[in-house]
Amino acid sequence: MIDLDHDILVAFAKSFGLFYLMALSIGVVVYACWPSNKKRFERAARSVLDDEEGPWR
Amino acid sequence: MVAGLTKGERQFAIVISVVLALCGLFLAGAGHQRPLGVHGLLIAFLGIATVFVVLSGYIAPEPSEERLSSYYDDPSKAGIIIAMIWAIFAMFIGDWVAWLLAYPEMTFDAAWASFGRLRPVHTTGVIFGFGGNALIATSFHVMQRTCRARMPDQLSPWFVLLGYNLFCILAVSGYFIGVTQSKEYAEPEWYADIWLVIVWVTYFVLYLRTLARRQEPHIYVANWYYLAFILVVAVLHIVNNLAVPVSLGHAKSYSAFSGVQDAMTQWWYGHNAVAFFLTAGFLGMLYYYLPKRAERPIFSYRLSIISFWGITFLYMWAGSHHLHYTALPHWVQTLGMTFSVMLLVPSWASAGNALLTLNGAWHRVRDDATLRFMMVAAVFYGISTFEGSFLAIRPVNSLSHYTDWTVGHVHAGALGWVAFITFGSIYAVVPILWKRERMYSARLVEVHFWLALAGTLIYVFAMWNSGIIQGLMWRTYTESGTLAYSFIDSLVAMHPYYVARAIGGLLFLIGAAIGFYNIWMTVRTAREEPLEPVADRPIASDTPAGAVQPGE
Ligand code: HEM
Ligand code: HEM
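For clarity, every value in this text was computed on a predicted model and none was experimentally measured.

Undergrad: How do you make sense of the coordination of the iron atom of ligand 1 when you look at a structure like this?
TA: By definition of the ideal shapes, four donors in a tetrahedron about a metal sit 109.5 degrees apart, and six donors in an octahedron sit 90 or 180 degrees apart. All names here are of chain B. The protein atoms that coordinate the iron atom of ligand 1 are His122 (NE2) and His411 (NE2), at distances of 2.0 Å. Around the iron atom of ligand 1 sit six donor atoms, and with donor-metal-donor angles ranging over 87 to 179° the site reads as octahedral. Pair noted here: His122 is in helix α4 (residues 115-147) and His411 is in helix α15 (residues 404-433), with a separation of 289 residues, a long-range link. Summarising the burial analysis for this pair, His122 and His411 share the class buried.

Below, the structure written as structure tokens:
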């Protein structure tokens, strides 16, 4: 068995979140602000205003 | 209901009901005279009743192909009515519990009416009965519109809605007869929990199948919130309820966790129940119904995406703030506290986004009580999240924990945010679902609004006062270093606030009852009948669409 003692486990538990949450927040901001997404977002935001005609087929 | 199902779906519905009834009979046999036996009989009875309902409509002609060119709204309609019934029932119990705290004699010496049994009836009834049904009903509406696609079949939405209500009935009836696993907001025992897993997975799959049929390239943000609600609640529910029953014939079970691990799992669950049941799903409502009712696109779509990921990923780590000053390692408490404070950022981003959407349409908010419900909800969302981040700071929590301050925070969120956004969304969606011009009476919506607002303010202020007084009395020392007040002293000091809270709750309950009457009359009133002159519709566009370019 690998010697994964308590201290190593705690050190990992205390720190991995820092890196993955940083990566996540950068990723999200980049996605949200990516210029070519702007059109889709605007379209989506308007699309809910008028949607009662029934499903498109 | 049955007429909307195809032949194959009717047959499948009968099969499901028969299997359910057989499971019920098994539990009834194995459970003998014990509470589990009662639940077994209840399940068997409901299963058989469903078989008869389906059979009675079995020979009706099948729905025509034309149905495919409209959305499938029957389950949403049923869900809204069921949600309102739960609202009245559970808030009635809530107010009873409130009077009970002021006048403890009101248990009438009956075990089922004791505080310990009525309280979870209230919390389960409002959160899962009222909130859950409203979420299911509106999610069916929202997912179809935003995808421009009809649900893939007619049976699974009914299975989700009715199956979910079976879970709620098992939960609430269980508390009255003493069945509970004593985990707050997760009280139902193993058999009800297993049933909910089946229902919830069906719900998740139904949502994904509808999204897969979508005609819109981009998935509108409200769906992300609803999906986060469904997915995370599934994960939380399964993990927190891992348990081993005493036997298949016994309701009691023992948790797979023990000691501080059990506490941490429970409050990881408990806080994320707040986050994903009482927040994410209702933000889905907010992001759909508020722009629609205001007839303005959301202020910043980008911000709504950023706050979505912020909320989903930060909330996951905040649960330990419920366990300050316990055996939980100090660093885990600090972690929960830090994440709770950071949570304020995406929370206020959402609240601000909603309010900025209304900026420029304030005259509508003034004239339209439905939109006002949604606006107040956004304000209370801002207040309760600010308060929550504050309460999560360890030294603040040392004052607030165990006091009515927590209860005040809970109801600022539950009444001011959850119930307000729900009522606003229901008033917006009912005329659409039943194809009416408007609600039966705009004046009654107005009355409901003011009763609800007055009730919430009375409730919350009473609890803030009471909680802080209570907390301070418990930590006041005399010169000789002994406690200045006994526990009973603090109880006596609470009494006037408890009476005030019960009155505030009564106003809120009356408002909900008026709302139910209004909805009922809207449904009952035939389409052609002339309605009240005051319109309860979004006021016609006065700015040309496209004149405002928000968010960029
Ligand atoms: C008529 C309106 C309501 C009244 C009078 C009311 C009253 C109460 C009372 C008396 C308690 C027990 C407090 C204690 O143990 O000291 C309670 C707890 C609770 N209520 Fe309500 N309630 C109402 C509406 C709601 C709504 C609409 C929700 C949720 C959507 C809600 C969620 C809760 C929760 C989560 C708790 C448990 C709080 C905790 O453990 O800290 N209530 N309520
Ligand atoms: C940023 C957002 C929020 C944070 C950081 C937060 C934080 C907290 C804290 C620190 C407590 C007290 C824990 C204790 O002393 O035991 C608490 C309790 C509670 N909060 Fe919040 N809160 C937030 C938002 C909300 C919202 C929006 C709602 C409701 C809709 C809500 C519902 C509750 C409930 C039901 C409890 C009582 C749990 C119990 O039974 O003990 N919270 N929250």
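Undergrad: Would you mind going over empty space enclosed by the protein with me for this structure?
TA: By rolling a water-sized probe across the atoms, one finds the places where empty space is left. Residue and element names in this part refer to chain B. By the definition in use, this model includes six cavities of 30 Å³ or more. Taken as a whole, the largest cavity spans an internal volume of roughly 120 Å³. Phe128, Tyr185, Leu196, His237 and Tyr269 are, among the 16 residues lining the largest cavity, the residues nearest its centre. Those elements giving two or more residues to the lining of the largest cavity turn out to be α5 (155-176), α6 (190-212), α7 (221-240) and α8 (259-294).

Undergrad: Explanation requested: the packing of α4 of chain B against α7 of chain B in the structure shown.
TA: The angle between the axes and the distance between the axes are what describe a pair of packed helices. Residue and element names in this part refer to chain B. Relative to each other, α4 and α7 sit at 140°, their axes nearing to 10 Å. The orientation of α4 with respect to α7, classified from their angle, is oblique. Crossing of α4 against α7: the hand is left-handed. Taking contact as the criterion, the partners of Leu135, Thr138, Ser139, Val142, Met143 and Thr146 in α4 are, on α7, Ala222, Asn223, Tyr226 and Phe229. Residue composition of the contact of α4 with α7, by class: six nonpolar, four polar and no charged.

Undergrad: Explanation requested: the site of ligand 1 in the structure shown.
TA: All names here are of chain B. Inspection of the region around ligand 1 gives 24 residues, with Arg119, His122, Glu184, His411 and Ala414 positioned closest. Note that an oxygen atom of ligand 1 is positioned 2.7 Å from one of the side-chain N or O atoms of Arg119. One of the side-chain N or O atoms of Glu184 is found 2.6 Å from an oxygen atom in ligand 1. Broken down by secondary-structure element, the contributors of at least two residues to the shell around ligand 1 are α3 (74-102), α4, α15 and α17 (487-524). Per-element accounting of the shell around ligand 1 gives the leading share, seven residues, to α15. Split into classes, the residues belonging to the shell around ligand 1 amount to 14 nonpolar, six polar and four charged.

Undergrad: Would you take a moment to explain the nonpolar core for this structure?
TA: If you look at soluble globular proteins, the nonpolar side chains tend to sit buried side by side. Trp200, Phe229, Trp417 and Phe423 of chain B are the most contacted members of the largest nonpolar core, which totals 167 residues. Viewed by domain, this core spans two of them, domain 1 (1-61) and domain 2 (74-524) of chain B, each represented by three or more residues.

Undergrad: Help me understand the site of ligand 2, please; the structure alone is not making it clear to me.
TA: Residue and element names in this part refer to chain B. In the region of ligand 2, 27 residues are neighbours, and Glu184, Tyr185, Asn397, His401 and His409 sit closest. Between an oxygen atom of ligand 2 and a side-chain N or O atom of Asn397, the distance comes to 2.9 Å. Within the side chain of His401, a nitrogen or oxygen atom sits 2.6 Å from an oxygen atom of ligand 2. The set of elements that each furnish at least two residues to the shell around ligand 2 consists of α8, α13 (369-391) and α15. Among the elements that take part in the shell around ligand 2, α15 stands out by supplying six residues, more than any other.

Definitions and cut-offs
- Residues numbered from 1 in each chain as written.
- Chains lettered and ligands numbered in written order.
- Predicted model: local features only at pLDDT ≥ 70, side-chain atom pairs only at ≥ 80, totals over all residues.
- Heavy atoms only, no water.
- Donors = N, O, S within 2.8 Å, 3.2 Å for Na, K, Ca; no water.
- Tetrahedral: all angles 85-135°; square planar, octahedral: opposite > 155°, others 65-115°.
- Helix = DSSP H or I, 4+ residues; strand = E, 2+ residues; numbered from the N terminus.
- Buried < 20%, exposed > 50% of the residue type's maximum accessible area, 1.4 Å probe, protein only.
- 1 Å grid on protein atoms, 1.4 Å probe; cavity = no way out; pocket = protein on both sides within 12 Å on 5 of 7 lines; lining within 4 Å.
- Points joined across faces, edges and corners; volume = space filled by probe spheres on them.
- Axes fitted to C-alpha atoms, helices over the stretch in contact; angles between N-to-C directions.
- Parallel < 35°, antiparallel > 145°, perpendicular 65-115°, else oblique.
- Left-handed = near helix turned anticlockwise from the far one by under 90°.
- Contact = heavy atoms within 4.5 Å.
- Nonpolar A, V, L, I, M, F, W, Y, C, P; charged D, E, K, R; others polar.
- Near = heavy atom within 4 Å.
- Polar contact = N/O pair within 3.5 Å; in protein donor to acceptor, adjacent residues only side chain to side chain.
- Core = buried A, V, L, I, M, F, W, Y, C linked by side-chain atoms within 4.5 Å.
- Domains from an automatic or database assignment.

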